[in-house]
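# What the coordinates show
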Amino acid sequence: MLLLVIYIIAITAEAMTGALSAGRRSMDWFGVTLIACVTALGGGSVRDVLLGHYPLTWVKHPEYLVLTCAAAFVTILIAKWMRHLRSIFLVLDALGLIGFTIIGCQIALEMGHGFVVSAVAGVLTGVSGGILRDILCNDVPLVFRRELYASISFVSVICYWVCIEIGLSLELTVIATLIFGFTLRLIAIYFGLEMPKFIYKDDDEQSASSKDAS
Amino acid sequence: MLLLVIYIIAITAEAMTGALSAGRRSMDWFGVTLIACVTALGGGSVRDVLLGHYPLTWVKHPEYLVLTCAAAFVTILIAKWMRHLRSIFLVLDALGLIGFTIIGCQIALEMGHGFVVSAVAGVLTGVSGGILRDILCNDVPLVFRRELYASISFVSVICYWVCIEIGLSLELTVIATLIFGFTLRLIAIYFGLEMPKFIYKDDDEQSASSKDAS
Amino acid sequence: MLLLVIYIIAITAEAMTGALSAGRRSMDWFGVTLIACVTALGGGSVRDVLLGHYPLTWVKHPEYLVLTCAAAFVTILIAKWMRHLRSIFLVLDALGLIGFTIIGCQIALEMGHGFVVSAVAGVLTGVSGGILRDILCNDVPLVFRRELYASISFVSVICYWVCIEIGLSLELTVIATLIFGFTLRLIAIYFGLEMPKFIYKDDDEQSASSKDAS
């Protein structure tokens, strides 16, 4: 099944980006492995916990957990050659984003949820692994700052939904959504497209206290 | 039903404060929307996941999710006039805190839990949306530093519990708790009342290593 | 039952270390209590939510919640004498790590999961309380940086599993794992043993943007 192949590629690629993030923070091997697993499998886990969809993927298929741990160790070994593989990673990550989104959306639809919930499930599956990685590394999540990413996940859900509505078979829907979302993401990366930012400054005591806290 | 009206006012107000927080960190529109939703609906979601109370509110009523997204976009549009609305927000936020607390407490009681668990459920519903917002924005949660907030949520639970015990009807209990907690919160804001702080300093190697880590 | 005694000692000790962490950040009493509870009971809650093992321990036994709150208040009172108790705490914490690990592992096995999932459940129970504490205090989790900690939790799971496989009774297995893991942890602290670290630096635009974000 196409989606399974994409899923396995995606969790491997996400695990490796997670391991690199952990390496930037000089974590030990355990931290690297944990952050690799959270990045790869955290998105699906957040979705499943919020929807009450038990057992979680990695509980049912512990082999995925073993795969992400292996990917983390391979990353530690080949780290010094990784920067030459940057573009391959961006492509795999784009593939993973759309693959995760489709899987999340499908699971919510199979559980009988409507459009809003399946859109949230798709986007959450696509982006929350990266958000958890950034929280554990004590960063402001990159997802909120970089080129179109979550929004492409959202647009892919709409594409998926439209394809289903006009009566395409499940397989064609998956392929069409993959091609659509993947192309969009590559265009966004190539041209450095970004969402408009919302910048809010307040210059009074509330702001001062919130700066204190930061 | 009074509580439903307060709930809707509360999630709208919380969504707007979440959006402003995201704007202070210059996030893009997706980040603003996500943080608005987490601030407004995160408290209830944490409670429901911990108590195993499925489906979550926003899964059952996706219209609340749409409402918080709309509130986030409205906030982006009217942001420059927001600072003049400060006092209205503090009042709405106080209303929301007590409303969330009562709802959380009621749900735990309906599930058959006792006082301790219903108190935790009430306080969690009231404060954990704000905690999640601050974690995603990479702040030390404000809840732990500002005037009486979580403690008022806790005292409201006690008030609720006492009213039930002395045999008041559910409606009277809700109204009494709302007035009691809301008044307390306004007094706390007006006089800048704070919980005593616990300040601990250790000046040895453990402390040094923990400073390294921060 | 031995494990129950160890569990109670462990949550008390963990609650006190959590309270000290909160004190280092000058939080108010509510923050101290919440962080104490999260540190002590968060590991088990994460495990139970991920495995769908409801109700959570503290929902079923709210007395543990009361105990951790009491431990937090005691810590506030005796904080100035705490630094002289450092070594006692390290010992109690080591005991707790292994106790939590065994309990997590047992629960997963009782639910019918295999080795991989029970290992994850054991390690999660042992370490994620501390990870949540550090996220709430806005630190990079210490677990990823300090001497052998999570890895000892993992090795203890293997010891537990081997003891079960060779046919030891449950009681002997627990005692053997406790002695094995506890000794290992004391050795690691005494000699300052650390996991190898993975240090990754990239010096290009991606790195620059990720530094911006931090």
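All values reported here derive from a predicted model rather than from experimental measurement. (Residues numbered from 1 in each chain as written. Chains lettered and ligands numbered in written order. Predicted model: local features only at pLDDT ≥ 70, side-chain atom pairs only at ≥ 80, totals over all residues. Heavy atoms only, no water.)

This part covers the state of the cysteines. All names here are of chain A. On inspection of all chains with the given rule, the structure shows zero disulfides over all chains. In this structure C69 is not part of a disulfide, and its nearest cysteine sulfur, from C37, lies 3.8 Å away. For C69, a relative accessible area of 23% corresponds to the partly exposed category. Sulfur of C159: no disulfide; nearest cysteine sulfur belongs to C163 and is 4.2 Å away. Here C159 falls in the buried class, since its relative accessible area comes to 15%. (Disulfide = S-S within 2.5 Å. Buried < 20%, exposed > 50% of the residue type's maximum accessible area, 1.4 Å probe, protein only.)

Moving on, we get to the packing of helix 1 (residues 2-24) of chain B against helix 2 (residues 29-51) of chain B. Packed helix pairs are specified by the crossing angle of their axes together with the interaxial distance, meaning the distance between the axes. All names here are of chain B. In contact at an axis separation of 7 Å, helix 1 and helix 2 are set at 140° when each is read in the N-to-C sense. Classified by the interaxial angle, the pair formed by helix 1 and helix 2 is oblique. Of the two possible hands of crossing, helix 1 and helix 2 adopt the one that is right-handed. Packed against helix 1, whose contacting residues are Y7, I11, E14, A15, T17, G18, A19 and A22, the element helix 2 presents G31, V32, I35, A36, T39, A40 and L41 at the interface. Per-class residue counts for the contact of helix 1 with helix 2 are ten nonpolar, four polar and one charged. (Axes fitted to C-alpha atoms, helices over the stretch in contact; angles between N-to-C directions. Helix = DSSP H or I, 4+ residues; strand = E, 2+ residues; numbered from the N terminus. Parallel < 35°, antiparallel > 145°, perpendicular 65-115°, else oblique. Left-handed = near helix turned anticlockwise from the far one by under 90°. Contact = heavy atoms within 4.5 Å. Nonpolar A, V, L, I, M, F, W, Y, C, P; charged D, E, K, R; others polar.)

Moving on, we get to the UniProt feature "domain: Glycine transporter" (unreviewed entry) in chain A. Here the UniProt-annotated "domain: Glycine transporter" (unreviewed entry) positions come out as residues 5-79 and 91-163 of chain A. The straight-line gap between the two end C-alpha atoms of residues 5-79 of chain A is 24 Å; of that span, 87% is helix and 0% is strand. (UniProt positions renumbered as here; feature names shortened; annotations may be inferred.)

On to the interface of chain A and chain B. If you look at the interface, chain A gives 37 residues, while chain B gives 38 residues. Roughly 3300 Å² is buried in total at the junction of chain A and chain B, and carbon and sulfur atoms are behind 66% of that figure. Applying the counting criterion to the chain A and chain B interface returns zero salt bridges. Remark: the boundary between chain A and chain B carries four residue pairs in polar contact (both at pLDDT 80 or more). (Buried area = accessible area lost by both parts, 1.4 Å probe. Salt bridge = Lys/Arg side-chain N within 4 Å of Asp/Glu carboxyl O. Polar contact = N/O pair within 3.5 Å; in protein donor to acceptor, adjacent residues only side chain to side chain.)

Turning our eyes to something else, we now look at unusual backbone geometry. Here the bond from A:Y54 into A:P55 is cis, since omega is -10°, no more than 30 degrees from zero. By the element assignment, A:P55 lies in the loop between helix 2 (29-51) and helix 3 (57-60). Phi is positive for B:S26, close to 55°, though the residue is something other than glycine. Tracing the chain through its elements places B:S26 in the loop between helix 1 and helix 2. Given the relative accessible area of 22%, B:S26 is considered partly exposed.

Turning to the pattern of salt bridges, a few remarks are in order. Side-chain pairing between opposite charges can occur once the charged atoms of the two side chains come close. Residue and element names in this part refer to chain B. Evaluation of the coordinates by the stated rule reveals six salt bridges over all chains. Across the pair D48 and R47 runs a salt bridge whose closest N-O atoms are separated by 3.0 Å. Both residues of the pair, D48 and R47, belong to the buried class. Of the charged contacts in the structure, one is a salt bridge between R133 and D134, with a shortest N-O distance of 3.2 Å. Accessibility assignment for this pair places R133 and D134 in one class, buried.

Residue and element names in this part refer to chain A. Per the UniProt entry, the sites bearing "transmembrane region" (unreviewed entry) are residues 64-81, 88-109, 115-136, 148-168 and 174-193 in this numbering. The span residues 64-81 carries 100% helix and 0% strand; its end-to-end C-alpha distance comes to 25 Å. Split by type, residues 88-109 is 100% helix and 0% strand. Its first and last C-alpha atoms lie 32 Å apart.

Attention now goes to the interface of chain B and chain C. Counting residues at the interface gives 37 residues for chain B and 38 residues for chain C. Carbon and sulfur atoms supply 66% of the area buried between chain B and chain C, which totals about 3300 Å² over both sides. Across the chain B-chain C interface, the total number found is zero salt bridges. Residues that form the side of chain B that touches chain C fall into these classes: 22 nonpolar, six polar and nine charged.

Here the focus is the side chain of C:S153. Residue and element names in this part refer to chain C. Positionally, S153 belongs in helix 7 (residues 150-165). In this structure S153 comes out as buried when scored by relative accessible area, which is 0%. In this structure S153 touches L97, T101, G122 and V123, once residues within four positions along its chain are discounted.

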